[in-house]
Amino acid sequence: MDELDSYSSAEMSRLGTSGMSRNIGYGINKVFAAELLSTLTPSKGLIGLILGVEGLLGVVVNPIFGHLSDRYTSRFGRHRLYILLSTPIAGLLWLSFTYAKSLDLAVVFLVTFYLMQQIPLSPYQAWMPAITDPRDWGRASGVLNLWWQLGNLLAFLPIPLIWEFFHSAAFWLSAIIMIAGGLIAGLTVRDTTVKPIRPSLRGPDARKWFNSNLQKYFFGQMLWWLAFESIASFFTLFVIHSLHGSVIDSALGMSSFTISAILVATVFGKRYKESSSRTQLVGLLIGFALSAFFGLFIHSVYPAFVLLFLSGIFWGGIQVVSYPWGSELLRQASHGTTESNPDFGFLYGIINFAQSLGLLVAAPITGVVISLNHGSYSSMFWVSVVASLAAATSIALVKNDQASATWNA
């Protein structure tokens, strides 16, 4: 393919700014949206319903726009316009939401913001394997995940700290970063311009989506996101009620988790080809399960910071390794016949669908477990342990792990 020029970490960083921008939008929504809505309506049920739209859109929108990006033909490329338009528009919508004076306008701006956040996700993830040689997918994944996690860190610590002193400045900064990230990636990163093979979801071309290895991979994705969210959903309450800490302690703890994921991202990316992706992923999932298990024995804030830092190492590795491995498993399921890589968008659409399912069910399942354990928030760790080990089992059952050897040669 002519588009597969030499690998450039600088280009991956420019592409990564789009992922960072998207994650800043995701994070600031979690931090501020409920509070801003509460100034316009006292109804907790209505606020929960509005916030829930984000997850529902994630389930529906990602497969659709991933599939559309596989079919999109333009002299500007197959992925570029999704990022170039949606991410900057999301920044403007977020700013509009923060200044809305009526509930009706706030809901319109926020729900449209959620839509603009979801539209570019699968095309963005498909962009990297479409322009990068398979032997460089691991390194590229490390760089992109570093920027992805940086977005989390900015959203959950520096921006809220700015908000404590200058409310408007925090919202303007968030919007500017979202707009800039979309423009940088959309205007400066190469894209595939060849007319793609138009994949069919019927007949022989659809068989790869029912490949047992891919199905186990998708199932594992859902489970390890359930494992993550089971802790993330209740961590603040755990810190306050079980560890007798504060909200800022919770923010610092999750920042510790994110910082370790940032630090190891490029390390795992460079080591990606050194051993089987399946073996690496199983080991990382078991490590994440063990870190959750030790959470059961934490009774004060500072040991929790240490444990979260260690957990972030495993989580960062899971993200870096799983990203390119999905593309390799797809090519393996396709028997190497899709040289123009037409299906990466739909692949990541399904992956994001699986992730969204895990996120949707995590809080209800964990809430039930906490209730059955007499309101003990530490029982959330049991959900994470079980889900992580189940994910490790699903990945371990993937057979004929020859993708790395075939496509990284």
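Residues numbered from 1 in each chain as written. Predicted model: local features only at pLDDT ≥ 70, side-chain atom pairs only at ≥ 80, totals over all residues. Heavy atoms only, no water.

Attention shifts here to the overall build of the protein. In terms of helices and strands, the protein carries 16 helices and zero strands. In terms of overall dimensions, the protein is globule-like: its C-alpha atoms have a radius of gyration of 21 Å, near the 22 Å expected for 409 residues. With the C-alpha coordinates aligned to their principal axes, the bounding extent of the protein is approximately 55 × 45 × 40 Å. At a minimum sequence separation of 6, the contacts of the protein that also span at least 24 residues come to 86%. For the protein, the accessible area works out to roughly 16800 Å², and carbon and sulfur atoms hold 69% of it. Positive and negative side-chain charges of the protein, numbering 24 and 20 respectively, have mean locations separated by a distance of 5 Å. (Helix = DSSP H or I, 4+ residues; strand = E, 2+ residues; numbered from the N terminus. Rg over C-alpha atoms; globule rule 2.2 N^0.38 Å. Contact = heavy atoms within 4.5 Å. Areas by Shrake-Rupley, 256 points an atom, 1.4 Å probe, with all protein chains shown as cover. Lys, Arg positive; Asp, Glu negative; His and termini not counted. Charge placed at Lys NZ, Arg CZ, Asp CG, Glu CD.)

In this fold, Asn152 is placed in helix α6 (residues 137–156). Accessibility expressed as a relative area gives 13% for Asn152, which makes it buried. (Buried < 20%, exposed > 50% of the residue type's maximum accessible area, 1.4 Å probe, protein only.)

Attention now goes to the nonpolar core. In terms of nonpolar packing, the biggest core is built from 111 residues, with Met12, Leu15, Trp94, Leu110, Trp224 and Leu347 touching the most fellow members. With near-sequence residues (within four places) excluded, Met12 lies in contact with Tyr7, Met128, Ile131, Thr132, Ala140, Val143 and Leu144. (Core = buried A, V, L, I, M, F, W, Y, C linked by side-chain atoms within 4.5 Å.)

With that settled, consider empty space enclosed by the protein. Evaluated as defined, the whole model comprises three cavities of 30 Å³ or more. Residue lining of the largest cavity: 16 residues in total, with Ile231, Phe235, Leu308, Ser311 and Phe381 positioned closest to the centre. Looking at the lining of the largest cavity, the element that brings in the most residues is helix α13 (residues 301–333), giving four residues. Computed from the structure, the second largest cavity encloses a volume of approximately 40 Å³. Along its surface, the second largest cavity is lined by Ser18, Gly19, Arg22, Thr87, Pro120, Leu121 and Tyr124. Elements with a contribution of two residues or more to the lining of the second largest cavity: α1 (9–38) and α5 (121–131). Per-element tally for the lining of the second largest cavity: the top contributor is α1, with three residues. Residue classes in the lining of the second largest cavity are distributed as three nonpolar, three polar and one charged. (1 Å grid on protein atoms, 1.4 Å probe; cavity = no way out; pocket = protein on both sides within 12 Å on 5 of 7 lines; lining within 4 Å. Points joined across faces, edges and corners; volume = space filled by probe spheres on them. Nonpolar A, V, L, I, M, F, W, Y, C, P; charged D, E, K, R; others polar.)

The full count for this structure, using the stated rule, is seven salt bridges. Between Arg139 and Asp136 there is a salt bridge; the shortest N-O distance is 2.8 Å. Overall, Asp136 belongs to the buried group, its relative accessible area being 7%. The residue Arg271 makes a salt bridge to Glu274 at a minimum N-O spacing of 3.6 Å. (Salt bridge = Lys/Arg side-chain N within 4 Å of Asp/Glu carboxyl O.)

The subject of this paragraph is the packing of α1 against helix α8 (residues 167–188). The N-to-C vectors of α1 and α8 enclose an angle of 155 degrees; their axes lie 8 Å apart at closest approach. When the interaxial angle is binned, α1 and α8 end up roughly antiparallel. The hand of the α1/α8 crossing is left-handed. Note on element contacts: α8 touches α1 through Phe171, Ser174, Ile177, Met178, Gly181, Gly182, Ile184, Ala185 and Thr188, opposite Arg14, Leu15, Thr17, Ser18, Met20, Ser21, Ile24, Gly25, Ile28, Phe32 and Leu36. The residue inventory of the contact of α1 with α8, partitioned by class, reads 11 nonpolar, eight polar and one charged. (Axes fitted to C-alpha atoms, helices over the stretch in contact; angles between N-to-C directions. Parallel < 35°, antiparallel > 145°, perpendicular 65-115°, else oblique. Left-handed = near helix turned anticlockwise from the far one by under 90°.)

Residue placement: Asn29 occurs in helix α1. A residue is classified by how much of its surface remains accessible, and Asn29, at 4% relative accessible area, is buried. Put simply, Asn29 and Phe293 are 264 residues apart on the chain and 30 Å apart in space, counted from C-alpha to C-alpha. Those residues in contact with Asn29 that lie beyond four places of it in its chain are Leu51, Glu54, Trp94, Leu110, Phe113 and Tyr114.

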